[in-house]
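Survey of secondary and tertiary structure
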Amino acid sequence: MSGTFLLARVQVKYGSVPRFAEIMENFVVPIFEEQGWRLIASYRNVIGPLTEVLDFWEVEDANAVTEARERASEHPDFVKLAPQLAECVVAEELTLLTKMPFSP
């Protein structure tokens, strides 16, 4: 991969974190990994907003983000689960990152 990363900061509705995690694990992650993304890690706050989830993905480049989102939106499982995912999520913020020279 290119060393380009995508940080997805997701605000999940209170009480919806377990359902959100289930949808992500069983559907969203496999669908986006089919598109070439690789989930590096996913974290949930312990201190701070308790319904915030941070997903770190490795992606090929900025174009891969747009292209994968478009292709995923046409995937039959994603189409079926998108309304359920929308019921869990308040907001999502995406940030494209690249490593600093001193990063391991």
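Residues numbered from 1 in each chain as written. Predicted model: local features only at pLDDT ≥ 70, side-chain atom pairs only at ≥ 80, totals over all residues. Heavy atoms only, no water.

Turning next to the layout of surface pockets. Quantified by volume, the largest pocket comes out at close to 370 Å³. When residues of the lining of the largest pocket are traced back to their parent elements, those giving at least two are β1 (4-12), α1 (17-34), β3 (52-59), α2 (62-72), α3 (76-88) and β4 (89-98). Looking at the lining of the largest pocket residue by residue, the class counts come to 16 nonpolar, no polar and three charged. (1 Å grid on protein atoms, 1.4 Å probe; cavity = no way out; pocket = protein on both sides within 12 Å on 5 of 7 lines; lining within 4 Å. Points joined across faces, edges and corners; volume = space filled by probe spheres on them. Helix = DSSP H or I, 4+ residues; strand = E, 2+ residues; numbered from the N terminus. Nonpolar A, V, L, I, M, F, W, Y, C, P; charged D, E, K, R; others polar.)

With respect to the helices and strands, Thr4 occurs in strand β1. Judged by relative accessible area, Thr4 falls into the buried class, the value being 14%. In this structure, Thr4 is in contact with Trp57, Glu58, Val59, Glu60, Asp61, Leu96 and Leu97, ignoring residues within four places of it in sequence. (Buried < 20%, exposed > 50% of the residue type's maximum accessible area, 1.4 Å probe, protein only. Contact = heavy atoms within 4.5 Å.)

End to end, α3 covers 19 Å across 13 residues, agreeing with the expected 18 Å (1.5 Å per residue, within 8%). In the structure, α3 departs most strongly from a straight axis at Ala82, where the bend amounts to approximately 45° and where the proline Pro83 lies between one and four residues downstream. Among all positions in α3, only Phe78, Leu81, Leu85 and Cys88 are buried. In this structure, the buried side of α3 is in contact with β1, α1, α2 and β4. (Expected span 1.5 Å × (residues − 1). Bend = angle between axes of the 7 residues up to and from the residue.)

A word on the sheet that holds β3. Taken together, the four strands give an open sheet; going across it, the order is β2-β3-β1-β4, and neighbouring strands pair in antiparallel fashion. Looking at the sheet topology across the chains shown, the edges are occupied by β2 (38-44) and β4. Pairs of neighbouring strands in the sheet enclose a mean axial angle of 15°, with direction left out of account. Sheet topology places β2 next to β3; six bridges connect them, and they run antiparallel. (Pairing = 2+ DSSP bridges. Axes fitted to C-alpha atoms, helices over the stretch in contact; angles between N-to-C directions.)

All right, on to the environment of Ala8 then. Within the secondary structure, Ala8 is located in strand β1. In this structure the C-alpha to C-alpha distance between Ala8 and Phe20, which are 12 residues apart in sequence, comes to 14 Å. Apart from the residues lying within four places of it in its own chain, the contact partners of Ala8 are Val53, Leu54, Asp55, Glu92, Glu93 and Leu94.

Glancing now at the pattern of salt bridges. Evaluated as defined, the whole model comprises four salt bridges. Between Arg19 and Glu22 there is a salt bridge, and its shortest N-O distance comes to 3.1 Å. Here Arg19 pairs with Glu22, and both are found in helix α1, just three residues apart, close to one helical turn. A salt bridge links Arg69 to Glu92, with the shortest nitrogen-to-oxygen separation between them at 3.8 Å. Here the residue Arg69 occupies a position in helix α2, and Glu92 occupies one in strand β4, the gap between them amounting to 23 residues. Using a relative accessible area of 46% as the deciding quantity, one classes Glu92 as partly exposed. (Salt bridge = Lys/Arg side-chain N within 4 Å of Asp/Glu carboxyl O.)

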